[in-house]
Amino acid sequence: FHKVVVNEVLHATKYTYLNVSEKGEDFWIAIPRKEVEKGASYYYKGGLKKRNFKSTEYNRTFETIYLVSGITRDHPGGPMTDKTSGSLVDQTLAKANKITVDPNYKATPIANSTNIAEIYKNRQKYNGAELLVNGRCVKVNNGIMGRNWVHVVDGSGDKNQDLTITTQDRVMLGQNVAFKGRIALNQDFGAGYRYDIIMEDARLLDIATH
């Protein structure tokens, strides 16, 4: 948990940008739009670190900013209930669900898809490229840092090799899915979320349960 004091508040259409202090350090965080009291203390957990984040509404670029799912006035010793929305912030930081896939599982390739082994093998080639992948969801964290984190395997190469995908779409464990998104390398989102390779901002194109 982070305990911060709000120094400055900037409201945008969807976000509220906050300049905050923690342990003598000043930095910016962005939360879903919310009324926040300047000078007050708030708590939050996690945060997605972004560099050179552009706010078109303020025509400014934040050199470093953390995207946070929510803040609360409550002490973390109790449930983190957001009194503005009434939602339980802890629910957005739910523990991961995970399953084990049959070691003989192999996804049937679909048109224009790229298998996970190929992406890992030629990661530099695909860095920044928009690709289509399909396979089975073996792990999922929903609602963390404003996105859902889906782990997909397709049985290519190392049977345990999965690809982490961030998306606004929701899927369930064991579902066969197809996602299209951009490949990025060496991404450090903070809060322990660091990936050598990841697919970001993916769109769910197909889903089936077998």
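All right, on to the overall build of the protein chain then. Along its length, the protein chain carries two helices and twelve strands. In the protein chain, the order of α-helices and β-strands from amino to carboxyl end is β-β-β-β-β-β-β-α-α-β-β-β-β-β. Here the protein chain holds 210 residues, and the buried ones make up 45% of them. Considering only contacts within the protein chain whose residues lie at least 6 apart along the sequence, 56% involve residues at least 24 apart. For the protein chain, the computed accessible surface area is about 11,500 Å², with 45% contributed by carbon and sulfur atoms.

A word on the sheet that holds strand 5 (residues 48-55). One open sheet accounts for six strands, arranged 4-1-2-3-6-5; its pairing is mixed. On the outer flanks of this sheet lie strand 4 (41-44) and strand 5, each paired with one strand and no other. This sheet shows a mean twist of 50° between the axes of neighbouring strands, independent of strand direction. Where strand 3 (residues 25-32) and strand 6 (residues 60-67) come together, three bridges link them in parallel fashion. Directly across from tryptophan 28, in strand 6, lies its bridge partner isoleucine 65.

A word on the nonpolar core. Judged by nonpolar contacts, the single largest core of 20 residues is most densely connected at Ile165, Phe179 and Met199. Breaking this core down by element, the ones donating at least two residues are helix 1 (116-121), strand 8 (130-144), strand 9 (147-153), strand 10 (163-167), strand 11 (175-188) and strand 12 (194-209). Not counting residues within four places of it along the chain, the set of residues in contact with methionine 199 comprises Leu131, Val133, Leu163, Thr164, Ile165, Thr166, Phe179, Lys180, Gly181, Arg182 and Ile183.

For the structure shown, the criterion picks out four salt bridges. Between arginine 203 and glutamate 130 there is a salt bridge, and its shortest N-O distance comes to 3.3 Å. You can see arginine 203 sitting in strand 12 and its partner glutamate 130 sitting in strand 8, a full 73 residues away along the chain. On the basis of relative accessible area, arginine 203 is assigned to the partly exposed category, the value being 39%. Across the pair glutamate 200 and arginine 182 runs a salt bridge, and its minimum N-O distance is 2.9 Å. Of this pair, glutamate 200 sits in strand 12 while arginine 182 sits in strand 11, and the two are 18 residues apart along the sequence. With a relative accessible area of 3%, glutamate 200 lands in the buried category. Of the residues examined, arginine 182 reaches a relative accessible area of 37% and is grouped as partly exposed.

A word on unusual backbone geometry. A positive phi is found at asparagine 59, a non-glycine position, where the angle reads about 50°. Within the secondary structure, asparagine 59 sits in the loop between strand 5 and strand 6. Taking the relative accessible area as the measure of exposure, asparagine 59 reaches 61% and is therefore exposed. Of note in this structure, asparagine 112 is not a glycine but carries a positive phi near 70°. Structurally, the position occupied by asparagine 112 is in the loop between strand 7 (97-98) and helix 1.

Once that is clear, we can look at the pairing of strand 10. The two faces of the sheet receive side chains in turn, since in a regular strand these alternate between them. The buried fraction of strand 10 is high, at five of five residues. Neither face of strand 10 is open: one carries Leu163, Ile165 and Thr167, the other Thr164 and Thr166, and all of them are buried.

Within the structure shown, the criterion is met by seven aromatic pairs. Residues tryptophan 149 and tyrosine 195 carry aromatic rings whose centres are separated by 5.9 Å and whose planes lie at 25° to one another, so their mutual orientation is stacked. In this pair, tryptophan 149 is assigned in strand 9 and tyrosine 195 in strand 12, connecting sequence segments 46 residues apart. Among the aromatic residues, ring-to-ring pairing joins Tyr15, Tyr17, Trp28, Phe53, Tyr58 and Phe62 into one connected group. Seen from the ring of tyrosine 42, arginine 73 lies directly overhead, with NZ or CZ sitting 5.1 Å from the centre.

Cut-offs and rules
- Residues numbered from 1 in each chain as written.
- Predicted model: local features only at pLDDT ≥ 70, side-chain atom pairs only at ≥ 80, totals over all residues.
- Heavy atoms only, no water.
- Helix = DSSP H or I, 4+ residues; strand = E, 2+ residues; numbered from the N terminus.
- Buried < 20%, exposed > 50% of the residue type's maximum accessible area, 1.4 Å probe, protein only.
- Contact = heavy atoms within 4.5 Å.
- Areas by Shrake-Rupley, 256 points an atom, 1.4 Å probe, with all protein chains shown as cover.
- Pairing = 2+ DSSP bridges.
- Axes fitted to C-alpha atoms, helices over the stretch in contact; angles between N-to-C directions.
- Core = buried A, V, L, I, M, F, W, Y, C linked by side-chain atoms within 4.5 Å.
- Salt bridge = Lys/Arg side-chain N within 4 Å of Asp/Glu carboxyl O.
- Phe/Tyr/Trp six-rings, centres within 6.5 Å; stacked < 30°, edge-to-face > 60°.
- Lys NZ or Arg CZ within 6 Å of the ring centre and 35° of its normal.

So far we have only geometry, and geometry alone does not tell us how the molecule works.
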